[in-house]
Amino acid sequence: MTTTPATRRTPLVIGAAVVLLVGALAASLYACDRLGGDREPTARQWTYLPIDEVPVQGAPFHPQFLSSDGQTMVAVGNALDKGDTSPDLNAWYTTDGLQWQTGDLISHSRAPGEYSTVSGLTHWGGGFFAVGARTSTQGVRSWLGTTAWRSPDGKNWQRVSIPPHDGSLFTLPTLYSDSVNVYSNLGGSTMWRLTPDGSEWEEFPLQGLELCSYRHDAGPGGPGLVAYGHCSDDIPGETVEAGAEPRIRPAILTIDERGEVNEVSSRIRPRLLYETAGVARNGETLVAAGFADLDDATGSSSGTGSEGGDTGPGGDTGPGEDAGAGEDTGPGGDTGPGEDTGPGEDTAGNMRLVVARSLDGGVSWSPATPLPVEPPALPNSAMVDRMVHADGSFLALGRVILLNKSHPTIWESKDGEEWSSRRLPTFGDEGLLSSAATIKGHTVVLAALRTGNAAVKGLFVDFAVRSDTTAPDLSPTPEATPASDPVALLGTWRGNVSSPDGSQERAVSLTITRVPGRGPVTSDSLSGKIVVGNLATCTAQLGKPTQPPGRPLTFGVPSPSFWPETMLSGRRPYCPNAFEIQLEAGDQLQWSGNGGFTGTLTRPGADGQDSSEEPG
């Protein structure tokens with residue numbers, strides 16, 4: 001019998017112990033991983049940036065829609081001026097998701113006697129496409145029809161062929177894209193598709209879906225179109241009985257590459273109720289959100305509607321209202337987000353916000369499961385306003401109700417099956433997350449209020465923002481434009497400005513001064529005030545000026561104050577929120593403000609003016 005020497009036995013024992021220890025650690029890690037298999041995935045961090053802190057070069061920033069091609073992000077939005085004459089329509093673009101520059105969409109959105117509003121934006125055809133509506137400014141405002149614009153880069157825009165419309169429909173056009181085609185709908189039974197070359201709109205009747213309204217799409221990112229909204233089963237003249245099933249039901253519409261139309265939400269179990277809260281896609285993978293009764297395993301509704309009243313599960317607006325494309329009854333209304341499609345905190349039964357996933361473009365769906373809710377918010381208080389696929393993840397943009405206040409919340413999932421929840425800082429009593437886009441691995445989300453024009457209050461971004469971040473210095477050299485000579489602009493300028501059709505004229509007094517303690521006089525050190533109107537109907541301090549490349553100096557008017565129309569003036573007040581000035585030869589200042597007002601200002605005493613004359 002051979003005996004192992006002690007000098008050999010010791011290393012063997014140590015080696016065996018190491019093997020056993022490694023095996024035990026591996027088994028422990030495997031067991032922990034298995035036990036943690038149901039844990040929520042880690043959510044990304046978000047930073048809130050108030051809208052007045054976003055670095056913007058050019059016009060004031062008031063986005064309502066976002067889109068991106070991965071390298072450039074574009075925003076468009078309407079802002080109603082303080083004089084309530086007409087909305088300003090602008091576009092902005094960025095290549096980093098933080099520093100924005102202003103495009104020229106506003107110069108293509110007005111014509112004599114009319115203005116335009118925007119109601120949709122998408123990435124398409126190697127650029128960006130937007131639709132909206134035209135409104136007359138002559139006498140009583142009247143709707144003139146639809147309009148559309150196209151831009152290769154978010155900076156340079158032009159009007160293009162408009163989607164057909166029924167003149168009797170006073171609604172804003174929707175906009176969808178599948179990356180190849182652009183679609184539009186006015187809430188009727190016809191979808192219109194723009195051919196890939198942008199030359200012609202083709203009609204797509206939606207047989208069997210005449211009572212359906214589609215308000216959003218799942219975004220470019222897969223074959224064919226995926227749009228969602230709701231359908232109505234109401235029969236004209238019929239009385240809704242107590243306990244009857246909801247008359248409003250969700251709708252998810254797909255149009256494949258062959259032009260075949262399918263409604264696919266009825267295949268989701270438990271059955272979604274009322275409307276589709278959101279749909280996002282990544283290739284053939286679709287993720288849909290909505291409300292479902294989790295006690296209803298068969299897919300038949302338990303019926304929570306009340307007799308003759310709201311057929312929705314509760315909440316402040318109720319899904320029984322039409323939140324589709326037909327909700328906006330005029331171009332001056334809310335063209336941005338703001339639909340509340342979910343129940344309130346006092347929802348009866350086991351009604352929950354759920355998500356379902358399809359891996360085959362909507363043909364079949366996994367069982368719908370609830371989205372997680374962070375305590376102490378109640379599970380049935382969650383609502384979703386939009387879903388997107390951004391930077392490799394599905395995002396459900398929504399809110400939860402906590403202590404009767406809306407808390408913005410983002411749910412995130414890599415695969416559409418396991419979700420994490422991140423409750424964000426509040427920014428308003430009824431704040432919501434409306435639109436999102438991704439650029440170079442960074443995601444930007446609009447934070448809006450459900451009031452007025454769905455005014456955006458700020459941005460949530462998934463990257464750190466330096467406290468000293470400012471707008472890019474893109475001012476041209478002093479030789480590029482006379483307006484870049486800040487010393488020559490100092491002083492008081494007066495004159496009259498007129499609307500595009502000449503029907504309105506206003507007196508303007510513009511005083512430009514330098515901010516003390518800023519050193520030499522530069523465009524950044526300019527300040528001052530503006531007075532508009534014969535009775536000083538508008539007065540305001542000027543904001544920090546900017547100067548886009550090749551453009552005149554632009555002043556913002558952050559908080560104008562104005563007097564309402566009076567019997568003495570007999571004219572409607574006009575208060576600009578932004579204007580451009582260009583110094584010309586002969587000591588004349590060319591002035592151009594929002595609302596299309598233009599005119600020439602001179603120094604008091606020049607051209608025979610009385611230097612003591614007040615603007616009125």
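Rules used throughout
Residues numbered from 1 in each chain as written. Predicted model: local features only at pLDDT ≥ 70, side-chain atom pairs only at ≥ 80, totals over all residues. Heavy atoms only, no water. Helix = DSSP H or I, 4+ residues; strand = E, 2+ residues; numbered from the N terminus. Buried < 20%, exposed > 50% of the residue type's maximum accessible area, 1.4 Å probe, protein only. Contact = heavy atoms within 4.5 Å. Areas by Shrake-Rupley, 256 points an atom, 1.4 Å probe, with all protein chains shown as cover. Pairing = 2+ DSSP bridges. Salt bridge = Lys/Arg side-chain N within 4 Å of Asp/Glu carboxyl O. Polar contact = N/O pair within 3.5 Å; in protein donor to acceptor, adjacent residues only side chain to side chain. Axes fitted to C-alpha atoms, helices over the stretch in contact; angles between N-to-C directions. Phe/Tyr/Trp six-rings, centres within 6.5 Å; stacked < 30°, edge-to-face > 60°. pLDDT = per-residue confidence, 0-100.

## Topic: the overall build of the protein chain
Here is step 1 of the chain: Check the secondary structure of the protein chain and you find 2 helices and 39 strands.
Here is step 2 of the chain: In the protein chain, which comprises 616 residues, the share counted as buried stands at 52%.
Here is step 3 of the chain: Here the analysis covers contacts within the protein chain between residues at least 6 apart in sequence; of these, 55% occur between residues at least 24 apart.
Here is step 4 of the chain: Accessible surface, the protein chain: about 26,800 Å² in total, of which carbon and sulfur atoms supply 52%.

## Brief notes about the sheet that holds strand β20 (residues 273-282)
Here is step 1 of the chain: Spatial strand order, β20-β21-β22-β23: 4 strands in an open sheet with antiparallel pairing. At either margin of the open sheet sits one strand with a lone partner, and together these are β20 and β23 (369-370).
Here is step 2 of the chain: Pairing geometry for strand β21 (residues 285-293) and strand β22 (residues 351-358), over 8 bridges, is antiparallel. Bridge assignment links Ala-288 to a residue of β22, and that residue is Ala-356.

## As for the pairing of strand β16 (residues 212-217)
Side chains on a regular strand alternate between the two faces of the sheet.
Here is step 1 of the chain: Across the 6 residues of β16, 6 count as buried, placing the element largely inside the fold.
Here is step 2 of the chain: Note that β16 and strand β17 (residues 225-232) share 5 bridges and pair antiparallel. By the bridge assignment, Cys-212 is partnered in β17 with Cys-231.

## Some words on the environment of Val-56
Here is step 1 of the chain: Inspection of the secondary structure puts Val-56 in strand β2 (residues 56-57).
Here is step 2 of the chain: The class for Val-56 is buried, based on a relative accessible area of 15%.

## Examining the side chain of Thr-285
Here is step 1 of the chain: With respect to the secondary-structure elements, Thr-285 resides in strand β21.
Here is step 2 of the chain: With residues up to four places along the chain from it excluded, the contact list for Thr-285 reads Ala-280, Arg-357, Ser-358, Leu-359 and Phe-394.

## Notes on the pattern of salt bridges
Here is step 1 of the chain: Enumeration over the complete set of coordinates arrives at 10 salt bridges.
Here is step 2 of the chain: Close ionic contact of Arg-193 with Glu-202 constitutes a salt bridge, the shortest N to O distance being 3.3 Å.
Here is step 3 of the chain: Salt bridges sharing partners connect three or more residues here, namely Arg-44, Glu-412 and Asp-462.

## Focus on the side chain of Thr-102
Here is step 1 of the chain: Along the chain, Thr-102 falls in strand β6 (residues 100-102).
Here is step 2 of the chain: Within the structure, the side chain of Thr-102 is placed 3.0 Å from the backbone oxygen of Gln-57, a separation counted as a polar contact.
Here is step 3 of the chain: A polar atom in the side chain of Thr-102 sits 3.5 Å from the side chain of Trp-92.
Here is step 4 of the chain: In this structure, Thr-102 is in contact with Val-56, Gln-57, Gly-58, Ala-59, Asn-90, Ala-91, Trp-92 and Tyr-93, ignoring residues within four places of it in sequence.

## Overview of the environment of Trp-419
Here is step 1 of the chain: As for its position among the elements, Trp-419 is in the loop between β26 (405-413) and β27 (420-423).
Here is step 2 of the chain: The sequence separation of Trp-419 and Pro-370 amounts to 49 residues, and the corresponding C-alpha distance is 9.5 Å.
Here is step 3 of the chain: Of note is the side chain of Trp-419, whose polar atom sits 3.2 Å from the backbone oxygen of Gly-416.

## Looking at the pairing of strand β33 (residues 526-532)
Here is step 1 of the chain: When you tally the buried positions in β33, you get 5 out of 7 residues, the bulk of the element.
Here is step 2 of the chain: Where strand β32 (residues 505-514) and β33 come together, 7 bridges link them in antiparallel fashion. Looking at the pairing, Ser-509 lines up with Val-531 of β33.
Here is step 3 of the chain: Inspection of the sheet shows β33 paired to strand β34 (residues 538-541) by 4 bridges, in the antiparallel sense. Paired with Val-532 across the strands is Cys-538, a residue of β34.

## A closer look at the sheet that holds strand β28 (residues 431-439)
Here is step 1 of the chain: With antiparallel pairing, 4 strands are arranged side by side in an open sheet as β1-β30-β29-β28. With one partner strand each, in any of the chains shown, β1 (47-50) and β28 form the two edges of the open sheet. Averaged over all neighbouring strand pairs, the angle between strand axes comes to 25°, with direction disregarded.
Here is step 2 of the chain: Bridge count for β1 against strand β30 (residues 456-461) is 4 bridges, and the pairing is antiparallel. By the bridge assignment for β30, Leu-49 is matched with Leu-459.

## Regarding unusual backbone geometry
Here is step 1 of the chain: Here the amide bond leading from Arg-269 into Pro-270 is cis, since omega sits at -5°, within 30 degrees of zero.
Here is step 2 of the chain: Here Pro-270 lies in the loop between β19 (261-263) and β20.
Here is step 3 of the chain: Between Pro-375 and the following residue, Pro-376, the backbone shows a cis peptide bond with an omega angle of 5°.
Here is step 4 of the chain: Its place among the elements puts Pro-376 in the loop between β23 and β24 (383-390).
Here is step 5 of the chain: In this structure, Tyr-274 is a non-glycine residue whose phi angle is positive, near 70°.
Here is step 6 of the chain: Structurally, Tyr-274 is set in strand β20.
Here is step 7 of the chain: The backbone phi angle of Lys-440 is positive, close to 50°, even though this residue is not glycine.
Here is step 8 of the chain: Positionally, Lys-440 belongs in the loop between β28 and β29 (442-449).
Here is step 9 of the chain: The exposure class of Lys-440 is partly exposed, given its relative accessible area of 47%.

## A short note on the packing of aromatic side chains
Here is step 1 of the chain: One pass over the full model with this rule turns up 10 aromatic pairs.
Here is step 2 of the chain: Aromatic side chains Phe-61 and Trp-100 sit 5.0 Å apart centroid to centroid with 40° between the ring planes, which places their arrangement in the tilted category. With a gap of 39 residues between them, Phe-61 in the loop between β2 and β3 (65-68) and Trp-100 in strand β6 connect regions that are remote in the sequence. The pair Phe-61 / Trp-100 is uniform in exposure class, with both members buried.
Here is step 3 of the chain: Ring geometry for Phe-579 against Trp-591: centres 5.4 Å apart, planes inclined by 25°, an arrangement best described as stacked. Separated by 12 residues along the polypeptide, Phe-579 in strand β37 (residues 578-584) and Trp-591 in strand β38 (residues 588-593) bring together distant segments of the chain.
Here is step 4 of the chain: Taking the relative accessible area as the measure of exposure, Phe-579 reaches 1% and is therefore buried.

## Regarding the environment of Ala-79
Here is step 1 of the chain: Note on placement: Ala-79 falls in strand β4 (residues 73-80).
Here is step 2 of the chain: It is 9.2 Å that separates the C-alpha atoms of Ala-79 and Phe-61, two residues lying 18 residues apart in sequence.

## Observations regarding the confidence of the model for the protein chain
Here is step 1 of the chain: In the predicted model, the protein chain carries a mean pLDDT of 74, and the fraction of residues at 70 or more is 69%.
Here is step 2 of the chain: Note that pLDDT drops below 50 for residues 299-342; the model gives that stretch 124 contacts with residues more than four away or on any other chain.
Here is step 3 of the chain: Per-residue pLDDT stays below 50 along residues 470-484; that stretch engages in 32 contacts with residues further than four places along the chain or on separate chains.

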